[in-house]
Amino acid sequence: MLITKIFKEIEMKKSFYFRAFLYCTVIVLLSVSLTGCKKKSDLRKAADKQGILIGTAVATDQLEDPKYYKTLAENFNVVTAENIMKWETIHPRRDTYDFTESDKLVKFAKKHNMKVRGHTLVWHNQNPNWLLSQPWDKDDLWKVLEDHIKTVVTHYKGDIYAWDVVNEALDEEDYRETFWYLYLGPEYIEKAFRWAHEADPDALLFYNDYSNEEINDKSNRMYSMVKKLLDDGVPIHGVGLQGHLSLEYGFDFEGLYMNVIRFAELGLKVDFTEIDIRIKKPESEADFKEQAVRYRKLMEIMLAIENANSFTVWGVSDAHSWVPQFFQGTDSALLFDREMEPKLAYHTLVETLEKGPVKLNYSKNFADKFRSRKAIPPFKAHAVNSAPKIDGTPNDKEWAKGVTYPITFNQLNLYDFRTPPHDDLWGEWTVVYRGNTIYGIIRRHDDKDRTDHKLDYENDNIEVFFHLGDIFAQLRSIVGQGWEPNSYEGERNIAWNKEGTVCEYSVTLPESDLTGLIAGWNISLSDNDGKDNRDHQLYPITGQNDGWQGKNLGTIQFVGNSPRVPEKSRVVMPFIAAAASDTPEIDGTFSEDEWMDAIKYQFAYNQLDSMNQSVGFNNNAISGSWGIVRKDNFLYGFVLRKDAKTVTSNDDPELNDNVAVYLEIEDGTAVVFRSVVGKDWESPALSGSHKAQWSSDGSVLEFVIELPEEAASRKMLGFNISLSDNDGGDKLDYKLYSITGENKSSEAKGLAELELQL
Ligand code: XIL
């Protein structure tokens, strides 16, 4: 506007020189402000400002590509040698070192005022044949190792600020039985650090590994190991958490936060050394969004913790990533795409850095983390006097004492847990027990069977997971086949019917009687519709598809005649109110876009029927799904509802078709928000604004609830949501929840939890 105005004036003055002068000024101003913008969005600048080292793995041959060269130099202040400092490159014969490539990298870094991270001095991979192929005399091998470390570190003395001295010395159970370990024993680790320190006392020395990011068995062992090294006076200055993550699995950021803190408290630096966040193909917009969120959360942790300030991604662009080759079926893990365009994750990182440290909603307290939350009530297995016959032909009487539950949450998608349409995939399960043996039946419907995939788990299959005492077992049976062999030693049987719609099974546990026990439990139904990867894996609870690691299991209670009920149930994943980027409009019209941030869940458990909580396969009476997001003190939610017959004429609103939200604002009491189809919330016992808006056909509800300040500042809120259905009588036919229970939510009993994300 202003510019046109000026031009008009110029026209009036008809002064050519003046006009030319102004054009130039405008162009200069525009380009200055444009480069200003670009500068502002430069990752490296933003990182420098926060004192964060932002690094990437580099392959020197890529430096020939001017686009790569420029992107690298502009956006990063540290480089790691992706491969060229590994033994096979740098030490090709016993008496020959070849620094050609690595010198190039160091030269590049110097030219662009970047630091260099050395990777890696001792590893079990990418070693030369001369090293691996001959039998070694132990003393001789010690000399080889010492010579390697001292030669390489000395060569780069003063040029390499930090070394990944030992890489991946631990495996899932113990010390990894590497070449080094088998010849030299675990002392090779400490020796490596001492020699590196002798060669360059100023270099920072790191132990680097993967799957050590969260608090888990491996990071616990790493903690003990480095603590011992420190106690023994070994010169170790930090740990590297590689950070090769996948959107296929959940990630426990709070666990990461606590983990970083505990290493930092040992006085160690904690670096993220090899971050990439891979996505299963084909990648969706939502995937890229979730990926950006994860990058942001990683960076927020770096910004929050003093000893953590080094954030290295494993490659510049998706074209330079090891991911597609090493993790088949996944891709797009880095900050730039194949055309070297910055991705959402890149912009998010820049924003996060520009914003600087933010208050994190994580607890620092281990006890807090593992405190018993309000878990989903355990599933129930009742005792039977005579064992069902495991023959694939169910007889209703055999299973009459068992409670039937739906299998309803698709854990292959971490932000949309909804069940696919029943004719695509549907399932329900029942378990009873006798003495020490579990008997189960799974009924399933699937429109397309696939059982010929070379990877067992990518086929149509059922899995049963249990955890009791020291035993964790995952049993799998591909549709129509027996249990796969695995390490579980107890007796087990399984039989499918011809059609593959019913399977009966039994598993014997090493207990004399299960009565009263509560065991970790899960069950899953996988569906492959003919593609290379499964389309769905349904479970009866939400979770992060890591049941196979013994994580996020539900519980099952062996009820018997005199139940021994423990005081607390197991922690299971809460429902999540993700942070909303935009405020949804509460107008009764739903769009996927508007509710993109919401994690989506299914209504599935009919809590009015204690023996059969599954709605069944052919029942179209009622179904629905929901999602909630949080913005500031407000919860915004939607419900999608399919009802064969809508009834709202009852005098008692509770007996009409309705949606109810239960919030435990104060311990032990629940505030109930109820909205009869077509109507606003009934006046709830909570001040603050609130609104419920239905679509005219009653298929969509959108709502908002303002939380009291104190409740909104909490991380977890006792919570439930129900969908009630009356088909014409004077009582409800169904009341569907997303967890099992006894319909006591309004008394604050059997609530789930809602995690309020920031
Ligand atoms: C990978 C490289 O990215 C690949 O190019 C190479 O073929 C194999 O090694 N952990 C590490 C890195 O410490 O050195 C690995 O790098 C990835 C896993």
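Remember, it's a predicted structure, so these values are computed and weren't measured experimentally.

(A) Main features of the packing of aromatic side chains. In total, this model carries 42 aromatic pairs according to the counting rule given. Judged by centre distance (5.3 Å) and plane angle (50°), the rings of tryptophan 87 and tryptophan 180 are tilted. One end of the pair, tryptophan 87, is in helix α5 (residues 87–90); the other, tryptophan 180, is in helix α9 (residues 179–184), and 93 residues separate them in sequence. Given the relative accessible area of 1%, tryptophan 87 is considered buried. Geometrically, the ring pair formed by tryptophan 426 and phenylalanine 617 is tilted, given 5.3 Å between the ring centres and 50° between the ring planes.

(B) Main features of the side chain of arginine 641. When you line up the elements, arginine 641 lands in strand β27 (residues 634–643). A residue is classified by how much of its surface remains accessible, and arginine 641, at 5% relative accessible area, is buried. Among the polar contacts listed, one links the side chain of arginine 641 to the side chain of aspartate 643, at a separation of 2.7 Å.

(C) How the structure looks around the site of the ligand. With respect to spatial proximity, 14 residues lie near the ligand, and among them Glu82, Lys86, His119, Glu274 and Trp314 are the closest. Between the ligand and the protein, one listed contact pairs an oxygen atom with a side-chain N or O atom of asparagine 167 at 2.8 Å. Note that an oxygen atom of the ligand is positioned 2.8 Å from one of the side-chain N or O atoms of tryptophan 314. When the ligand is considered free in solution it has 410 Å² of accessible area, and contact with the protein chains removes 86% of it.

(D) Structural view of the nonpolar core. Counting 189 residues, the largest nonpolar core has Trp163, Phe311, Tyr505 and Trp521 as its most contacted members. Dropping the residues within four chain positions of it, tryptophan 521 is found in contact with Phe379, Trp429, Val431, Ile438, Val464, Phe465, Phe466, Tyr505, Leu553, Gly554, Thr555 and Ile556. Trp595, Ala598, Leu640 and Val704 belong to the second-largest nonpolar core, a separate cluster that totals 10 residues.

(E) Just helix α3 (residues 43–50), in detail. Listed in full, the buried residues belonging to α3 are Leu43, Arg44, Ala46 and Ala47. The buried side chains of α3 occupy one side of the element, clustering within an arc of 165° when seen end-on. N-cap assignment for α3: the residue whose side-chain oxygen lies 2.8 Å from the backbone N of arginine 44 is aspartate 42. Backbone geometry just after α3 places glycine 51 at a positive phi near 70°.

(F) Layout of the packing of helix α11 (residues 217–231) against helix α12 (residues 253–264). At a minimum axis separation of 11 Å, α11 and α12 run at an interaxial angle of 5°. By the angle between their axes, α11 is roughly parallel relative to α12. Across the interface between the two elements, Ser219, Asn220, Met222, Tyr223 and Val226 of α11 pack against Asn259, Arg262 and Phe263 of α12. Of the residues belonging to the contact of α11 with α12, the class tally is 4 nonpolar, 3 polar and 1 charged.

(G) Representation of the environment of arginine 176 within the structure. Here arginine 176 is to be found in the loop between β4 (160–167) and α9. You can call arginine 176 buried: its relative accessible area is 15%. In contact with arginine 176, other than residues within four places in its own chain, are His124, Glu168, Ala169, Leu170, Asp171, Tyr181, Tyr210 and Lys218. For arginine 176, the side chain forms a polar contact with the side chain of tyrosine 210, separated by 2.9 Å.

(H) Here's a closer look at the confidence of the model for the protein chain. Of all residues in the protein chain, 91% have pLDDT values of 70 or greater, and the mean over the chain is 90. Scored below 50 in pLDDT, residues 1–22 makes 8 contacts in the model with residues more than four places away or belonging to other chains. In the model, residues 24–41 has pLDDT below 50 throughout and makes 9 contacts with residues more than four positions away in sequence or in other chains.

Conventions adopted
Residues numbered from 1 in each chain as written. Predicted model: local features only at pLDDT ≥ 70, side-chain atom pairs only at ≥ 80, totals over all residues. Heavy atoms only, no water. Phe/Tyr/Trp six-rings, centres within 6.5 Å; stacked < 30°, edge-to-face > 60°. Helix = DSSP H or I, 4+ residues; strand = E, 2+ residues; numbered from the N terminus. Buried < 20%, exposed > 50% of the residue type's maximum accessible area, 1.4 Å probe, protein only. Polar contact = N/O pair within 3.5 Å; in protein donor to acceptor, adjacent residues only side chain to side chain. Near = heavy atom within 4 Å. Areas by Shrake-Rupley, 256 points an atom, 1.4 Å probe, with all protein chains shown as cover. Core = buried A, V, L, I, M, F, W, Y, C linked by side-chain atoms within 4.5 Å. Contact = heavy atoms within 4.5 Å. Arc of directions from axis to C-beta. Axes fitted to C-alpha atoms, helices over the stretch in contact; angles between N-to-C directions. Parallel < 35°, antiparallel > 145°, perpendicular 65-115°, else oblique. Nonpolar A, V, L, I, M, F, W, Y, C, P; charged D, E, K, R; others polar. pLDDT = per-residue confidence, 0-100.

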